[in-house]
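Structural overview for review
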Amino acid sequence: MDEKSLNAILNSPLLGYASHRIVLDDTGVPVDYVFLEVNKAFESLTGLKQKDILNKSIKETVPDIVQSDFDWIGYYGEVALNGLERDFDQYSRPMDKWYRVHVYSSEKYYFTTIFIDITDSKKSETELKQSEAKYRKLIENSHEIIYQLSAEGVIIFASPAWTYTLGHSLDQVIGHPFTEFVHEEDWCLCFDSINELLKTGSRKSGVEYRVRDVHGKWHWHSSSIVPFVNEQGSFVAIDGVARDVTEKRKSDDLLRKLSLAVEQSPVSVVITDLNANV
């Protein structure tokens, strides 16, 4: 590393810098290392003060280092003894922080570390994974079908509820156009709804259509669909949630027939409950 680059790192408020000398036991095994030089950022990133650690070993200044899950001394020792250069992310238990470290050795028994604190990004990554796991569990346990379509109507994703409700395996569904499962008479309604969604970018609810199950039986489904866009605001796909409304449609049809019969009856009809209340 040239002097200009080194000075830039030494004066950087974001990059921690430290040079070290590895300490070996009588058999040549790395057992410790000594701090030779650190910059100001090192102090802020680790909480260790230059005046307290220079020319002292890591075991003296951070005794808990030997309790870490990661073998810092052994890892750095291998670099220092073999003239290696490595990059890695690692959690430091004594510091309770995550670091992204670049370590190299330009002289045997010595090594240099340049690092940044990535604790916040690791925390965000963990929270994202937990959120994804929670969302995945909700999808897997939902009785409503959660799906995703391309703009051309190809099924990109379908939740396990599809199999539970309609009987097709997900392999029989994903990658296939929705028209393979929806009644031909309802295709126009579905495509019109998709086109309207793409045009307006607004949620569309209550789209009802017939879906064929694995045994060839037709079910009425009602869908709510929304556009899925990426960070740049470009359309990616259509997200939808569908529920079976077959029994509701049957009830509605029966109620309509009953109402029509009452309207067309030549005699007065009075409807009561079981307690004779009108």
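All of these numbers come straight from a predicted model, not from anything done at the bench. (Residues numbered from 1 in each chain as written. Predicted model: local features only at pLDDT ≥ 70, side-chain atom pairs only at ≥ 80, totals over all residues. Heavy atoms only, no water.)

**Details of the state of the cysteines**
As a reminder, the rule being used: Here, a disulfide means two cysteine sulfur atoms that sit within 2.5 Å of each other. Buried means the residue's accessible area, taken with a 1.4 Å probe over protein chains only, is under 20% of the maximum for its type, while exposed means over 50%, and partly exposed covers the values in between.
Throughout the structure, instances matching the rule amount to 0 disulfides. No disulfide involves C188; its sulfur sits 9.4 Å from that of C190, the nearest cysteine. Classification of C190 by relative accessible area gives buried; the value is 9%.

**Quick word on the pairing of strand β3 (residues 85–92)**
Formally: For two strands to be treated as a pair, DSSP must find no fewer than two bridges joining them. Only runs of H or I of at least four residues qualify as helices and only runs of E of at least two qualify as strands under DSSP, and these elements are numbered from the N terminus.
By the bridge criterion, 8 bridges tie β3 to strand β4 (residues 97–107) in an arrangement that is antiparallel. Note that in β4 the partner of S92 across the bridge is K97. In textbook terms, the turn of a hairpin is the stretch between consecutive antiparallel strands, and for β3 and β4 this stretch comprises 4 residues, one of which, D96, has a positive phi near 55 degrees.

**Describing a nonpolar patch on the surface**
Stated precisely, the cut-off is as follows: Patch building starts from residues that exceed 30% relative accessible area and form no salt bridge, then joins like charges within 9 Å and nonpolar side chains (Val, Leu, Ile, Met, Phe, Trp, Tyr) within 5 Å. Values of accessible area rely on a 1.4 Å probe in the Shrake-Rupley scheme; residue burial ignores everything except the protein chains shown. Here, a salt bridge means any Lys or Arg side-chain nitrogen found within 4 Å of an Asp or Glu carboxyl oxygen.
A contiguous nonpolar surface patch, about 310 Å² in accessible area, is contributed by L24, L36, Y109 and Y110. Tracing the sequence through the fold places Y109 in the loop between β4 and β5 (110–117). On the basis of relative accessible area, Y109 is assigned to the partly exposed category, the value being 38%.

**Points about the confidence of the model for the chain**
So the rule is basically this: The predictor's confidence in any single residue is recorded as pLDDT, a number from 0 to 100.
Looking at the chain as a whole, the pLDDT averages 87, with 87% of positions reaching at least 70. Mean pLDDT per element in the chain: helix α1 (residues 3–10) is the minimum at 67, and helix α5 (residues 72–82) is the maximum at 97.

**A closer look at the pattern of salt bridges**
Within the structure shown, the criterion is met by 11 salt bridges. A salt bridge links E43 to K40, with the shortest nitrogen-to-oxygen separation between them at 4.0 Å. Placement of the pair is E43 and K40 together in helix α2 (residues 40–46), with a separation of 3 residues, close to one helical turn. Since its relative accessible area comes to 65%, K40 is described here as exposed. Between R210 and E185 there is a salt bridge, with the nearest N and O atoms lying 3.2 Å from each other. One end of the pair, R210, is in strand β8 (residues 204–212); the other, E185, is in the loop between α7 (161–166) and α8 (187–200), and 25 residues separate them in sequence.

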